[in-house]
Amino acid sequence: MPPKSKVSKEDVLNAAFQITKNEGFKYVNARSVAKALNCSTMPIFRVYDNMEALNNELIDKIYDYYRDFTNSYIKGKDELLEVSYAYVEFARIEKNLFYTIYVSDISESRTLNETIHSDYNQSIIHKMMKQYDISYDKAVAIFRDVRFYTHGIASQVLVDRTILDEDEVLQLIKQVIDKFRS
């Protein structure tokens, strides 16, 4: 009986995640993961059929990490503000991960309707209805507009094009929410 592999699926996924986080997704390949694990490429393909299967799980792991990151910013006072601010901070702090899931073409494209109707975003929209005492349609419109506005800020922060500190980001997002609510 051949010896049991010492490299688990979790090890491979974590190595790919760390490469993405530290260097960028474009550097994730069988050789770089094997090098990070100090092994040949064989153990990688024992636990994954191919790199596409690893990449799919990697994207899921990055989204899970993003949700955990974002949830740490949510205090329940103004969820749209808190989530939007967290989005920009994710771009600032986790540049390679943000780029991978929100800028690169590695993640599948979604329509605006799919984005708005995701379970995660629907949860925010329903909380907005209560927090702002507004209709569903108004909450969707504000969410949509603030999301695009915030992505613009995050994109500028991501590439260090515009230097904004945390207070400036919060102020910009607060102001736009107030404008869209009126």
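See above for the structure.
Residues numbered from 1 in each chain as written. Predicted model: local features only at pLDDT ≥ 70, side-chain atom pairs only at ≥ 80, totals over all residues. Heavy atoms only, no water.

1. A closer look at the overall build of the protein chain
Check the secondary structure of the protein chain and you find ten helices and zero strands. The secondary structure elements of the protein chain, listed N-terminal to C-terminal, are α-α-α-α-α-α-α-α-α-α. The C-alpha extent of the protein chain, read off along each of the three principal axes, is 70 × 35 × 30 Å. Taking all 182 residues of the protein chain together, the buried fraction comes to 41%. Pairs at least 24 apart in sequence give 64% of the contacts found in the protein chain among residues at least 6 apart. In the form shown here, the protein chain has an accessible surface area of approximately 10,800 Å², with 49% of it arising from carbon and sulfur atoms. Of the charged side chains in the protein chain, 24 are positive and 27 negative, and the gap between their average positions amounts to 3 Å. (Helix = DSSP H or I, 4+ residues; strand = E, 2+ residues; numbered from the N terminus. Buried < 20%, exposed > 50% of the residue type's maximum accessible area, 1.4 Å probe, protein only. Contact = heavy atoms within 4.5 Å. Areas by Shrake-Rupley, 256 points an atom, 1.4 Å probe, with all protein chains shown as cover. Lys, Arg positive; Asp, Glu negative; His and termini not counted. Charge placed at Lys NZ, Arg CZ, Asp CG, Glu CD.)

2. Here's the deal with helix α8 (residues 119–132)
Taking 1.5 Å of rise per residue, 14 residues should cover 20 Å, and α8 covers 20 Å from first to last C-alpha, within 8% of that figure. The inward-facing, buried residues of α8 contact α5 (79–93), α7 (112–116), α9 (136–158) and α10 (166–181). In the segment just after α8, Asp133 is the residue with positive phi, at about 55°. (Expected span 1.5 Å × (residues − 1).)

3. Quick notes on the environment of Arg181
Within the secondary structure, Arg181 sits in helix α10. Residue classification places Arg181 among the partly exposed residues on the basis of a relative accessible area of 35%. In the structure, Arg181 is positioned 96 residues away from Tyr85 in sequence and 17 Å away in space, judged by C-alpha atoms. Those residues in contact with Arg181, other than ones at most four positions away along the chain, are Tyr132, Lys138 and Ile142.

4. A look at unusual backbone geometry
Residues other than glycine seldom take positive phi values, yet Asn38 does so here, at roughly 60°. For Asn38, the position within the fold is in the loop between α2 (30–37) and α3 (42–47). What makes Asn38 exposed here is its relative accessible area of 73%. In the Ramachandran plot, Asp133 falls in the positive-phi region, its phi being about 55° despite a non-glycine side chain.

5. Considering the packing of aromatic side chains
Applying the stated criterion to the full structure yields 13 aromatic pairs. Considering the side-chain rings of Phe98 and Tyr102, the 5.2 Å spacing of their centres and the 40° angle between planes classify their relative orientation as tilted. With a gap of four residues between them, Phe98 and Tyr102 both fall in helix α6 (residues 95–102), about one helical turn apart. Accessibility expressed as a relative area gives 0% for Phe98, which makes it buried. (Phe/Tyr/Trp six-rings, centres within 6.5 Å; stacked < 30°, edge-to-face > 60°.)

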